[in-house]
Each structure stands twice: as C-alpha cells, then as structure tokens.
Amino acid sequence: MPSKGKNGEFAPLPSTLERSPKKAQDTYEETLESAEQSYAGDEERAHRVAWASVKHSFEKVGDHWEPKEHKGPSDPRAAEGGPNASGPSYGGVDVIGKTKDQLLDEARRLGAHATTHMTKAELATEIERVNKREDRARREER
C-alpha cells in the first residue's frame, strides 16, 4: 500500500482512479509503494512513476481510466521516457496506439469539437480538454 499520511491513514486514490477498474487502482498502488521505497523522500517522483505505470496499460476516457488494447507508451513524452523526457503529453490520451480516425471517433463520442482537418495532436488535445471538463464536473458533484 502507499505510505501513510500524517494522520496514520493511507492516502485516498486519485478520484479518476476511484472510478476506474480495480486493475488500474492496483497498478497505481503497487507501483507507488515500490517507487516510494526506491525514491525515498521524493514523493512527487514516486507519484509520477505510478502514473506512468497506469498510462502504460490504461488510457483516460472522460473521468476514468480504461484498459488499452495494446500496452505501451501513450504519447511522445512517454515514449522518450526518463525523468527529463520532453515533448507533448496529452493527459493519458493514447496517441501512439491509435490512428487519426480512431482519435476522431473517440473525440466525437466524448462530445469534443473535432473535424477531419485536425491532426492527431490537435485531436488528442481536444480529448484531453473534454476529459478535464468531465473530471471537474465529477468533483463538483461531491
């Protein structure tokens, strides 16, 4: 389990993971526990590693994470890897594992503004925007 907070209780899962499959939750928790041991004192790095692990097998869809068809990096930054990776990241949207047409279909299904003239990067940015909007709406429901 992840490390205990100041009050002696485990920190809650991020809200998007609470609405996701148990496998995604377990992936995050197990990786976070291991990363906290490996990077003692660097909590931010441990969380980045845990999220990278989730993004390898799951993709962000709306306000939760769903299993990807194929495991692997989701965007150029993840493909580069390492703590100093650069390049665009799209908040869990799987750009590398999908065609432009698949991204266009997903964007339209989610209600994003999407046209056939958009690039994969533009479509991923629109999907990320819709995902963030749905996250905010869920948090405001609480």
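Calculation notes
- Residues numbered from 1 in each chain as written.
- Predicted model: local features only at pLDDT ≥ 70, side-chain atom pairs only at ≥ 80, totals over all residues.
- Heavy atoms only, no water.
- Buried < 20%, exposed > 50% of the residue type's maximum accessible area, 1.4 Å probe, protein only.
- Helix = DSSP H or I, 4+ residues; strand = E, 2+ residues; numbered from the N terminus.
- Pairing = 2+ DSSP bridges.
- Polar contact = N/O pair within 3.5 Å; in protein donor to acceptor, adjacent residues only side chain to side chain.
- Core = buried A, V, L, I, M, F, W, Y, C linked by side-chain atoms within 4.5 Å.
- Contact = heavy atoms within 4.5 Å.
- Axes fitted to C-alpha atoms, helices over the stretch in contact; angles between N-to-C directions.
- Left-handed = near helix turned anticlockwise from the far one by under 90°.
- Arc of directions from axis to C-beta.
- Salt bridge = Lys/Arg side-chain N within 4 Å of Asp/Glu carboxyl O.

## A short note on the pairing of strand β1 (residues 58-61)
Consideration 1: The two faces of β1 match: F58 and K60 on one face and E59 and V61 on the other face are all buried.
Consideration 2: Pairing analysis gives four bridges linking β1 to strand β2 (residues 64-67), with the strands arranged antiparallel. Opposite E59, over in β2, you have E66 as the bridge partner.
Consideration 3: The turn joining β1 and β2, which pair antiparallel and follow one another in sequence, is formed by two residues; a positive phi near 65 degrees is taken by G62.

## What to know about the side chain of Q25
Consideration 1: Note that Q25 resides in helix α2 (residues 22-38).
Consideration 2: Assessed through its relative accessible area of 17%, Q25 is described here as buried.
Consideration 3: One polar contact links the side chain of Q25 to the main-chain carbonyl oxygen of S20, over a distance of 3.2 Å.

## Regarding the nonpolar core
Soluble, globular proteins show a tendency: their nonpolar side chains are buried together.
Consideration 1: One finds V93, A107, A114, L123 and I127 to be the most contacted residues of the largest nonpolar core, which totals 15 residues.
Consideration 2: Those elements that place two or more of their residues in this core are α5 (100-110) and α6 (120-141).
Consideration 3: Apart from residues lying up to four places away in sequence, I127 is in contact with V93, L103, E106, A107 and L110.
Consideration 4: With eleven residues, the next largest nonpolar core counts L17, Y28, V54 and F58 among its residues.

## Looking at the packing of α2 against helix α3 (residues 43-57)
Consideration 1: Look at α2 against α3: their axes get within 8 Å of each other, and the N-to-C directions meet at 145 degrees. Here the hand of the crossing between α2 and α3 comes out right-handed. Facing α2, whose interface residues are A24, T27, Y28, T31, L32, A35 and E36, α3 presents A46, H47, V49, A50, W51, S53 and V54.

## Brief notes about the environment of A78
Consideration 1: Mapped onto the elements of the fold, A78 is located in helix α4 (residues 76-80).
Consideration 2: Under the relative-accessibility criterion, A78 is labelled partly exposed at 39%.

## A closer look at α5
Consideration 1: Among the residues of α5, those classed as buried are L103, L104, E106, A107 and L110. Down the axis of α5, the smallest arc covering the buried residues is 165 degrees, so these residues share one side. Facing away from the buried side of α5 by over 90 degrees, the exposed positions are D101, D105 and R109.
Consideration 2: Looking at the buried residues of α5, the elements they touch are β1 and α6.
Consideration 3: Directly beyond the C-terminal end of α5, a positive phi value near 85 degrees is found at G111.

## What about the pattern of salt bridges?
Consideration 1: Counted under the stated rule, the structure contains eleven salt bridges.
Consideration 2: The shortest N-O distance in the salt bridge between K22 and D26 comes to 2.8 Å. Taken together, the residues span about one helical turn, with K22 and D26 both in helix α2 at a distance of four residues.
Consideration 3: Judged by relative accessible area, D26 falls into the partly exposed class, the value being 21%.
Consideration 4: The salt bridge partner of E59 is K98, with a shortest N-O separation of 2.7 Å. Of the two residues, E59 sits in strand β1 while K98 sits in the loop between α4 and α5, which places them 39 residues apart along the sequence.
Consideration 5: With relative accessibility at 8%, the residue E59 sits in the buried group.
Consideration 6: Shared partners join several salt bridges into a network, and the residues in it are R19, K60, D63, D135 and R138.

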